[in-house]
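# Structural features, examined
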Amino acid sequence: MRNYKIMCHVTYYQRGAGATPDWESIFGEEGKVFTEPHKDMPRIAQIFKERGVKIILDLGCGTGRHLVYLSKLGFRMYGFDASPRALALAQEWLSESGLKADIKLHKMEAPFPYADGFFDAVIAVHVIHHNLVRDILKTIHEVERVLRPWGSIFISVPTDRTPSRGDWDLQMVEKGTYIPHKGKESGVLHHYFTEEEIYSMFDSFDILEMYIDDTGHRCFLGTKKKSCS
Ligand SMILES: C[S@@+](CC[C@H](N)C(=O)[O-])C[C@H]1O[C@@H](n2cnc3c(N)ncnc32)[C@H](O)[C@@H]1O
């Protein structure tokens, strides 16, 4: 049994060397997947406006629902994602809407291709949990680096209640991180954050709000505490 688990782990790493193959197939089969912005995005956009936010990074922008929505509201949008299919769909959606955004193929665990302090805000909706903890920490470090002093974040992740679901045949690969072997996200890493973990991993941010949204994801809004690292 033990050997079987180690084998699965090795298989994951071998697959993980490429560009998120499972999200590629999900977007290939389902197209956009998300067609409406996150329910709280109008309120978050209003808060961003009140804070003088002009330039936003959509980390793991997927097929572009927030690039399109926030561009329409007048924000200058940048985004990256590890899925070429997602980016092609996002570009199509932007072009059809007569909008422009700077989008790139990039993996969130690698250094972000932007200068220190470039963004006023970073959003990541249902994205940063798709990694091992050590890689999530790299992503958080980069979010902090590319944000200007007192820049804003809005992030959503699944809650630590989710692993109780039986239909995904979850295999634990480290504390709090699982790979489902069934369901449409089969093979995709999921880290289930506890509330305490979020406060500790995001300790260079003041967390202003934390709540569970109507889809069962934990959302948090925060501000970078200090000047650029
Ligand atoms: C649930 S979708 C959310 C997409 C988008 N944020 C939204 O709200 O519509 C998760 C996204 O994370 C992207 N993703 C997964 N692992 C990634 C990685 N290592 N680097 C960058 N993007 C990644 C996937 O390609 C996918 O677009």
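Shown above is the structure to which this text applies.
The written sequence of each chain sets the order in which its residues are numbered from 1. In view of the model being predicted, local features appear only for residues whose pLDDT reaches at least 70, and side-chain atom pairs are presented and counted only at 80 or more, with totals across whole chains, interfaces and linings using the full set of residues.

## A closer look at the overall build of the protein
Along the backbone of the protein there are seven helices and 10 strands. As a rule, residues whose C-beta atom has 12 or fewer other C-beta atoms within 10 Å are exposed, those with 20 or more are buried, and those in between are partly exposed; C-beta atoms are placed from the backbone. For the protein, with 229 residues in total, the buried portion stands at 38%. Strands here mean DSSP runs of E at least two residues long; helices mean DSSP runs of H or I at least four residues long; both are numbered from the N terminus.

## With respect to the site of the ligand
Nearness here is judged by the C-beta atom: place it from the backbone, and if it falls within 6 Å of a molecule or strand, the residue counts as near that partner. Neighbouring the ligand are 19 residues; Trp-23, Gly-60, Gly-62, Ala-82 and Val-125 lie closest to it. Note that Gly is not counted as nonpolar here; it falls among the polar residues with everything else outside the nonpolar set of Ala, Val, Leu, Ile, Met, Phe, Trp, Tyr, Cys and Pro and the charged set of Asp, Glu, Lys and Arg. Looking at side-chain class alone, the shell around the ligand contains eight nonpolar, seven polar and four charged residues.

## Some remarks on helix H6 (residues 133–146)
Compared with the 20 Å implied by 1.5 Å per residue over 14 residues, the 20 Å span of H6 between its first and last C-alpha is a close match. The set of residues buried in H6 consists of Ile-136, Thr-139, Ile-140, Glu-142, Val-143, Glu-144 and Val-146. Close packing links the buried residues of H6 with strand E1 (55–59), strand E4 (119–125), strand E5 (147–158), strand E8 (190–191), helix H7 (195–201) and strand E10 (217–224). To estimate the expected span of a helix, subtract one from its residue number and multiply by 1.5 Å. This entry defines residue contacts through backbone-placed C-beta atoms, with two residues in contact when those atoms are within 7 Å.

## Points about unusual backbone geometry
A negative phi angle characterises most non-glycine residues, just as the trans form characterises most peptide bonds. Phi is positive for Val-33, close to 70°, though the residue is something other than glycine. Positive phi, normally seen in glycine, also occurs at Asp-169, with a value near 50°. Checked against the element boundaries, Asp-169 lands in the loop between E5 and strand E6 (170–174). By the C-beta count within 10 Å, which is 13 here, Asp-169 ends up partly exposed.

## Overview of the sheet that holds E6
For two strands to count as paired, DSSP must find a minimum of two bridges between them. One open sheet accounts for three strands, arranged E6-E7-E8; its pairing is antiparallel. Each of the sheet's edge strands pairs with one partner strand only, and the pair in question is E6 and E8. Here strand E7 (residues 177–180) runs beside E8; their pairing, made up of two bridges, is antiparallel. Within E8, the position partnered with Tyr-178 by the bridge is His-190.

## Description of the sheet that holds E1
Spatially, E3-E2-E1-E4-E5-E10-E9 is the arrangement adopted by the seven strands of the open sheet, whose pairing is mixed. Where the open sheet ends on each side, the last strands, each with one partner, are strand E3 (102–105) and strand E9 (205–212). Pairwise comparison of adjacent strand axes, ignoring direction, gives a mean angle of 15° for this sheet. Note that E1 and strand E2 (residues 76–81) share five bridges and pair parallel. Across the sheet, Ile-55 pairs through a bridge with Arg-76, a residue of E2. Here the axes come from fitting lines to C-alpha atoms, over the contacting stretch only for helices, and the angles between their N-to-C directions go from 0 to 180 degrees. In this fold helix H5 (residues 84–96) packs onto E2 and E3, with an angle of close to 165° to the strand it touches most, E3. Most of the contacts of H6 go to E5, to which it runs at about 145°, and overall it touches E1, E4, E5 and E10.

## Points about the environment of Val-133
One can find Val-133 in helix H6. Spatially, the C-alpha atoms of Val-133 and Met-201 are 9.7 Å apart, while their sequence positions differ by 68 residues. Those residues in contact with Val-133, other than ones at most four positions away along the chain, are Glu-174, Thr-177 and His-191.

## A few points about the nonpolar core
By size, the foremost hydrophobic cluster in this structure holds 53 residues, and its most contacted members are Ile-56, Leu-59, Leu-67, Ala-121, Val-122, Ile-123 and Ala-124. Of the residues forming this core, the biggest block, six residues, is contributed by E4. Filtering out sequence-adjacent residues up to four positions away, Ala-124 remains in contact with Leu-59, Gly-60 and Ile-155. We call a set of buried Ala, Val, Leu, Ile, Met, Phe, Trp, Tyr and Cys residues a nonpolar core when their C-beta atoms link them within 7 Å.

## Some details on the pairing of E9
Pairing between E9 and E10: seven bridges, direction antiparallel. What sits directly across from Ile-212, in E10, is Arg-218.

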